[in-house]
Amino acid sequence: MNLDAYRIASEPYYQPVGDEIAIFEAAFAERLPLMLKGPTGCGKTRFVEHMAWRLAKPLVTVAAHEDMTASDLAGRYLLEPSGTVWHDGPLTMAVRYGAICYLDEIVEARQDTTVVIHPLTDARRILPLEKHNEIVPAHADFQLTISYNPGYQSAVKDLKESTKQRFLAIDFNYPPAAVEAAIVAREAGTDVELAGTLVAIAERSRHLQGHGLEEGASTRMLIHAGRLVRAGLPLATAVRSSIVLPITDNHDIREALSAAIEACIR
């Protein structure tokens with residue numbers, strides 16, 4: 001099977017803030033599974049895309065959700081005019097033909113679904129397909145990467161310890177203010193001064209985390225705000241639409257956040 005459709009043609013912009021590139025390259029060289037931990041919109045997915053491009057490997061991405069079954073990952077029989085035909089799922093395709101498989105926000109999936117990856121994350125490096133009566137050995141180029149947001153952990157929604165301990169981990173967070181401003185300016189196509197103002201707004205919102213907000217404004221939100229300003233919207237309108245309204249539905253929190261933002265815009 002040709003995986004060219006899953007190859008990233010041009011370099012995705014990514015600004016490293018630590019040793020994450022070296023860790024990923026070492027993990028890939030040893031074919032060790034990797035877990036990326038960090039808040040929403042801090043660059044985890046962009047990092048994986050950058051590394052797939054850097055290593056010249058196809059990238060198969062799966063967005064996990066609570067209705068996802070093991071069959072959604074591994075594959076299933078489907079009825080076709082010629083009869084019942086087996087179709088590999090995205091995980092099996094990556095395992096069989098050699099790709100980086102990225103399971104985004106894996107904690108959203110049911111725990112009975114995530115156990116399907118266990119045989120791939122130890123010395124066996126196999127994927128048993130019980131419904132197909134097949135054991136698929138992992139291609140030499142296969143590598144498994146997962147991500148999740150520890151901020152959403154709970155007694156009900158978290159990774160099992162037996163899953164966590166199979167992975168190396170890289171901790172992600174929002175970059176230092178100057179680095180984040182440079183990222184926002186580049187990605188949104190705005191000047192550094194505006195980007196710096198947006199980062200200051202984000203920092204105000206992040207100070208409210210745990211005081212009514214589950215999370216502060218992400219770097220992604222700042223880029224959206226910058227693009228709205230570039231499109232001609234006033235800064236206050238752009239920030240309200242891209243940060244204040246999406247981040248909370250609580251009226252009092254919105255007012256507190258808006259007041260903090262006004263102090264940055266003046």
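Heads up: the structure comes first, above all this text.
S.K.: I would appreciate a short explanation of a nonpolar patch on the surface in the present structure.
M.R.: A cluster of nonpolar side chains, contributed by Met1, Tyr6 and Tyr97, occupies part of the molecular surface with about 290 Å² of accessible area. One can find Tyr97 in helix H4 (residues 90-97). The exposure class assigned to Tyr97 is partly exposed, which follows from its relative accessible area of 30%.

S.K.: Is there a simple way to explain the nonpolar core in this structure?
M.R.: Across soluble globular proteins, nonpolar side chains show a tendency to be buried alongside one another. Membership of the largest hydrophobic core comes to 32 residues, with the highest contact counts inside it found for Leu91, Val95, Leu103, Leu127, Phe142, Leu144 and Ile146. Breaking this core down by element, the ones donating at least two residues are strand E2 (59-63), helix H3 (70-74), H4, strand E5 (100-104), strand E6 (126-129) and strand E8 (143-148). The greatest single-element share of this core, amounting to four residues, is contributed by H4. Contact partners of Leu103, with chain neighbours within four places excluded, come to Val62, Leu73, Ile117, Leu144, Thr145, Ile146 and Ser147.

S.K.: What exactly am I supposed to notice about empty space enclosed by the protein here?
M.R.: It is the rolling of a water-molecule-sized probe over the atoms that shows where space remains empty. Applying the stated rule across the entire model yields two cavities of 30 Å³ or more. Of the pockets and cavities examined, the largest cavity occupies roughly 40 Å³. What lines the largest cavity is simply Ile106, Val107, Ala109, Gln111, Thr114, Asp158, Leu159, Lys160 and Thr163. Per-class residue counts for the lining of the largest cavity are four nonpolar, three polar and two charged. Its volume calculated, the second largest cavity comes out at about 30 Å³. Taken together, Arg31, Leu32, Pro33, Leu120, Arg125, Phe142, Gln143 and Leu144 form the lining of the second largest cavity. Of the residues in the lining of the second largest cavity, the class split is five nonpolar, one polar and two charged.

S.K.: What should I look at first to understand unusual backbone geometry in this one?
M.R.: Peptide bonds are trans in most cases, and residues, glycine excluded, mostly fall at negative phi. Phi is positive for Arg31, close to 55 degrees, though the residue is something other than glycine. As for its placement among the helices and strands, Arg31 is situated in the loop between helix H1 (20-30) and strand E1 (34-37). Look at Arg31 and you get partly exposed, because its relative accessible area is 21%. Phi is positive for Glu105, which is not a glycine, with a value near 50 degrees. Position of Glu105 among the secondary structure elements: in the loop between E5 and helix H5 (111-114). The class of Glu105 is buried, set by a relative accessible area of 17%.

S.K.: How should the packing of aromatic side chains be read in this particular structure?
M.R.: We describe a pair of aromatic rings using the distance from one ring centre to the other and the angle between the two ring planes. Evaluated as defined, the whole model comprises four aromatic pairs. Consider the rings of Tyr14 and Phe47, whose centres lie 5.2 Å apart with planes at 50 degrees: the pair is tilted. You can see Tyr14 sitting in the segment before H1 and its partner Phe47 sitting in helix H2 (residues 44-55), a full 33 residues away along the chain. On the basis of relative accessibility, which here comes to 0%, the residue Phe47 falls in the buried class. Between the aromatic rings of Phe24 and Phe47, the centroid separation amounts to 5.6 Å while the plane-to-plane angle is 85 degrees, which identifies the pairing as edge-to-face. Of the two residues, Phe24 is situated in helix H1 and Phe47 in helix H2; the sequence distance between them amounts to 23 residues. Here Phe24 matches Phe47 in class, with each residue buried.

S.K.: In this structure, what is going on with the sheet that holds E5? I would like to understand it.
M.R.: Paired through backbone hydrogen bonds, the strands of a sheet run either parallel or antiparallel to each other. Taken together, five strands build an open sheet; the order of strands is E2-E5-E8-E1-E9 and the sheet is parallel. With partners counted over all chains shown, the strands left at the sheet margins are E2 and strand E9 (168-171), one partner each. Going across the sheet, the axis of each strand differs from the next one's by a mean of 20 degrees, ignoring polarity. Pairing of E2 with E5, which is carried by five bridges, proceeds in the parallel orientation. Within E5, the residue paired with Thr61 across the bridge is Tyr102. In the packing of H4 onto the sheet, the strands contacted are E2, E5 and E8, and the crossing angle to E2 comes to about 160 degrees.

S.K.: Can you help me understand the side chain of Thr248 in this one?
M.R.: Residue position: Thr248 is located in the loop between helix H10 (235-247) and helix H11 (251-265). A polar atom in the side chain of Thr248 sits 3.0 Å from the backbone nitrogen of Asn250. Sequence-distant contacts of Thr248, defined by excluding residues within four places in its chain, comprise Leu213, Ile253 and Arg254.

S.K.: Looking at this structure, I do not really get the packing of H10 against H11. What am I missing?
M.R.: To describe two helices that pack against each other, one gives the angle between their axes and the distance between the axes. Following both chains from N to C, one finds H10 and H11 inclined at 150 degrees, their axes separated by 11 Å at the closest point. Viewed along their axes, H10 and H11 form a crossing whose handedness is right-handed. Between H10 and H11, the residues in contact are Leu235, Ala236, Val239, Arg240, Val244, Leu245 and Ile247 and Arg254, Leu257, Ser258, Ile261 and Ile265, respectively.

Scoring rules and cut-offs
- Residues numbered from 1 in each chain as written.
- Predicted model: local features only at pLDDT ≥ 70, side-chain atom pairs only at ≥ 80, totals over all residues.
- Heavy atoms only, no water.
- Patch = residues over 30% accessible without salt bridge, like charges linked within 9 Å, V, L, I, M, F, W, Y side chains within 5 Å.
- Areas by Shrake-Rupley, 256 points an atom, 1.4 Å probe, with all protein chains shown as cover.
- Salt bridge = Lys/Arg side-chain N within 4 Å of Asp/Glu carboxyl O.
- Helix = DSSP H or I, 4+ residues; strand = E, 2+ residues; numbered from the N terminus.
- Buried < 20%, exposed > 50% of the residue type's maximum accessible area, 1.4 Å probe, protein only.
- Core = buried A, V, L, I, M, F, W, Y, C linked by side-chain atoms within 4.5 Å.
- Contact = heavy atoms within 4.5 Å.
- 1 Å grid on protein atoms, 1.4 Å probe; cavity = no way out; pocket = protein on both sides within 12 Å on 5 of 7 lines; lining within 4 Å.
- Points joined across faces, edges and corners; volume = space filled by probe spheres on them.
- Nonpolar A, V, L, I, M, F, W, Y, C, P; charged D, E, K, R; others polar.
- Phe/Tyr/Trp six-rings, centres within 6.5 Å; stacked < 30°, edge-to-face > 60°.
- Pairing = 2+ DSSP bridges.
- Axes fitted to C-alpha atoms, helices over the stretch in contact; angles between N-to-C directions.
- Polar contact = N/O pair within 3.5 Å; in protein donor to acceptor, adjacent residues only side chain to side chain.
- Left-handed = near helix turned anticlockwise from the far one by under 90°.

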